[in-house]
Amino acid sequence: MTYRVVGANFDQMHMNTNLGWAHDHPEMEVVAVCDEEPETSTGSVETAVEECGLTEDDVYDDLEQCLEATTPDVVFGCPRNSEHAAFVERVAAYDVHLAIEKPMAVTLADADRMLDAMADTDRRFVVNWPVMWDPVKHTVEDLVASGTVGDVIEVQYYGGNAGAPPDDSWFYDPEDGGGSMLDYLGYGATFSTWFRGGELPESVTAERYVPEGMDVDVQSSTICRYEEGLSTLQTSWRLLTNPWEIQPQPVKGYEIVGTEGTVSTRTPDAAIRVTTADRPKGYTVKPDPLPDRFENLATYLVDRIETDREPEGPTDPAFCREAHRIIETARRSAQRGERLDLVE
């Protein structure tokens, strides 16, 4: 079977990569693109048209019109963060498989709206975290899950970039879900929860730094209190370079502390470092090859459809909803200036 794919809204630049994967997949055909607010898009409809072999007739500026005219099997969505819930509700009515770009939502209430909308369908629904297609993250999770470092008692996360371009206005609008906290805390909260086997903190304390003259934070620090210790999740839009171009200092990544050792993973091209009680000086681990389904978003979604299996880990919206409780609590904590119990 060939799955008809529509790419809808280009607010996130990842849309072009996602559509490229679909175009290259032997069981997918990109049949149309839609961008309702091109003036704020960071992706490129023109590039998608050229790379996917589309024509001007395959370009739409109205989502419902696009879906009715093209009858897709799959929709890839990259709307701005604040529009995720409404977007999913609109698309769910057309009984299609759906991939939404990370982060899942701005608020926990929006995440619940998305889950409710897709619960009425029998279609697959996945969240696209680009690092899910990185073998390093899976090898780290395997190391922890296999007990190499014992029980996880601490995770240190640092994530960020050099800041969104000034003309990308929605990134700097708090109403649209802008700011470094939402941009990168989603990674830290979701993947640290995955590394911990789903364990969530008891409480959260967070602070954000909003420069004078700006409306959103460019830096945030979140402390998660667990029964056995603290974890810290930091985000920044103040790095010297973007990590997908030149790795900055401090480098992005995770430090995982267990009862019997540690795992360190930083730059994608650097070896994973492990220390244990038996080998305190440490050793490196090369990432294992990924199962075929994890090659990219397109291969993963086709696999989930054809095997009739639910999404796993951070691709699973229900899992992301639970991890989003950390983000929701952090946002409230930063606003109130106090430590808060994890919200439900």
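My aim in this report is to walk through the structure given alongside it, one point at a time.

Reading guide: rules and limits
Counting restarts for each chain, with residues numbered from 1 along the sequence as it is written. Residue-level local features of this predicted model are given only where pLDDT is at least 70; pairs of side-chain atoms are given and counted only at 80 or more, and the full residue set underlies all totals for whole chains, interfaces and linings. Excluded from the side-chain calculation are hydrogens and water; included are all heavy atoms of the structure. Only protein chains enter the accessibility calculation, which uses a 1.4 Å probe. A residue is then buried if its area is under 20% of the maximum for its type, exposed if over 50%, and partly exposed in between. Only DSSP runs of H or I reaching four residues or more are called helices, and only runs of E reaching two or more are called strands; each is numbered from the N terminus. When DSSP finds two or more bridges between a pair of strands, those strands are recorded as paired. The handedness of a crossover follows from its direction of travel: if, with the strands pointing away from the viewer, the path from the first strand over the helix to the second runs clockwise, the crossover is right-handed. What counts as a salt bridge is simple: a side-chain nitrogen of Lys or Arg found within 4 Å of a carboxyl oxygen of Asp or Glu. Axis lines are fitted to C-alpha atoms, over the contacting stretch for helices. Their N-to-C directions set the angle, which ranges from 0 to 180 degrees. Roughly parallel means an angle under 35 degrees; roughly antiparallel means over 145; roughly perpendicular covers 65 to 115; every other angle is labelled oblique. Between two residues, a contact is recorded if the distance between any of their heavy atoms is within 4.5 Å. Note on residue categories: nonpolar means Ala, Val, Leu, Ile, Met, Phe, Trp, Tyr, Cys or Pro, charged means Asp, Glu, Lys or Arg, and polar means any other residue, Gly included. What we call a nonpolar core is a set of buried Ala, Val, Leu, Ile, Met, Phe, Trp, Tyr and Cys residues that are connected through their side-chain atoms within 4.5 Å. Cavities and pockets are found on a 1 Å grid laid over the protein atoms alone: a cavity is a set of points where a 1.4 Å probe fits but cannot escape, a pocket is an open set with protein on both sides within 12 Å along at least five of seven lines, and a lining residue has an atom within 4 Å of such a point. Grid points are joined across faces, edges and corners, and a volume is the space filled by probe spheres set on the points.

### Looking at the pairing of strand β2 (residues 28-34)
Then step 1. Of all seven residues in β2, six are buried; the element is thus mostly enclosed.
Then step 2. As paired strands, strand β1 (residues 3-10) and β2 are joined by six bridges and run parallel to one another. Its bridge partner lying in β2, Gly7 is registered against Val33.
Then step 3. Handedness of the crossover joining β1 and β2 through helix α1 (residues 14-24): right-handed.
Then step 4. With two bridges joining them, β2 and strand β3 (residues 59-60) adopt parallel strand pairing. Note that in β3 the partner of Cys34 across the bridge is Tyr60.
Then step 5. You can see the chain leave β2, run along helix α2 (residues 45-51) and come back into β3, and the turn it takes is right-handed.

### Examining the sheet that holds strand β13 (residues 272-276)
Then step 1. A sheet is described by the order of its strands in space; here nine strands give the open sequence β14-β13-β12-β11-β7-β10-β9-β8-β15, paired in mixed fashion. Each edge of the sheet is formed by a strand with only one pairing partner; in this case those strands are β14 (283-285) and β15 (340-341).
Then step 2. As paired strands, β13 and β14 are joined by three bridges and run antiparallel to one another. Along β14, the bridge assignment pairs Ile272 with Val285.

### Examining the pattern of salt bridges
Then step 1. Per the stated rule, a full pass over the model turns up 24 salt bridges.
Then step 2. Its salt-bridge partner being Arg196, residue Glu199 comes within 3.3 Å of it at the nearest N-O pair.
Then step 3. One continuous salt-bridge network, built from bridges that share partners, spans Asp112, Arg321, Glu322, Arg325 and Glu344.

### Brief notes about the packing of helix α4 (residues 84-92) against helix α5 (residues 108-119)
Then step 1. Across the interface, α4 lies against α5 with an axial gap of 8 Å and an inter-helix angle of 5 degrees. Viewed along their axes, α4 and α5 adopt a mutual orientation that is roughly parallel. Touching His84, Ala85, Ala86, Val88, Glu89 and Ala92 of α4 are Asp110, Arg113, Met114, Ala117 and Met118, all from α5.
Then step 2. When its residues are assigned to classes, the contact of α4 with α5 shows seven nonpolar, one polar and three charged.

### Side note on unusual backbone geometry
Then step 1. Here the bond from Lys102 into Pro103 is cis, since omega is -15 degrees, no more than 30 degrees from zero.
Then step 2. With respect to the element layout, Pro103 can be found in the loop between β5 (97-101) and α5.
Then step 3. In this structure, the amide linkage connecting Gln249 to the following residue, Pro250, adopts the cis form with an omega of -5 degrees.
Then step 4. Turning to its location among the elements, Pro250 is positioned in the loop between β10 (229-236) and β11 (253-258).
Then step 5. Look at Asn9: it is not a glycine, yet its phi comes out positive at around 70 degrees.
Then step 6. For Asn9, a relative accessible area of 7% puts it in the buried group.
Then step 7. Within the chain, Asp308 stands out as a residue other than glycine whose phi angle is a positive 55 degrees.
Then step 8. Secondary-structure assignment places Asp308 in the loop between α8 (297-306) and α9 (317-336).
Then step 9. Owing to a relative accessible area of 60%, Asp308 belongs among the exposed residues under this scheme.

### Overview of the nonpolar core
Then step 1. The biggest cluster of nonpolar side chains holds 98 residues, and the ones touching the most others in it are Leu19, Met28, Val75 and Phe76.
Then step 2. The dominant element in this core, judged by the number of residues it contributes, is helix α7 (residues 180-195), at nine residues.
Then step 3. Once you skip the residues sitting within four places of it in the chain, Val75 turns out to touch Val6, Ala8, Leu67, Phe87, Val91, Val96, His97, Leu98 and Ala99.

### Focus: empty space enclosed by the protein
Then step 1. Counted under the stated rule, the structure contains one cavity of 30 Å³ or more.
Then step 2. Computed from the structure, the largest cavity encloses a volume of approximately 40 Å³.
Then step 3. Considering the residues around the largest cavity, the lining is formed by Pro103, Met104, Trp129, Gly186, Thr190, Cys320, His324 and Ile327.
Then step 4. Of all the elements in the fold, those that place two or more residues in the lining of the largest cavity are α7 and α9.
Then step 5. Broken down by element, the lining of the largest cavity gets its largest block of residues, three residues, from α9.
Then step 6. Taken together, the residues of the lining of the largest cavity break down into five nonpolar, three polar and no charged.

Purely geometric stuff here, so don't read any function into it on its own.
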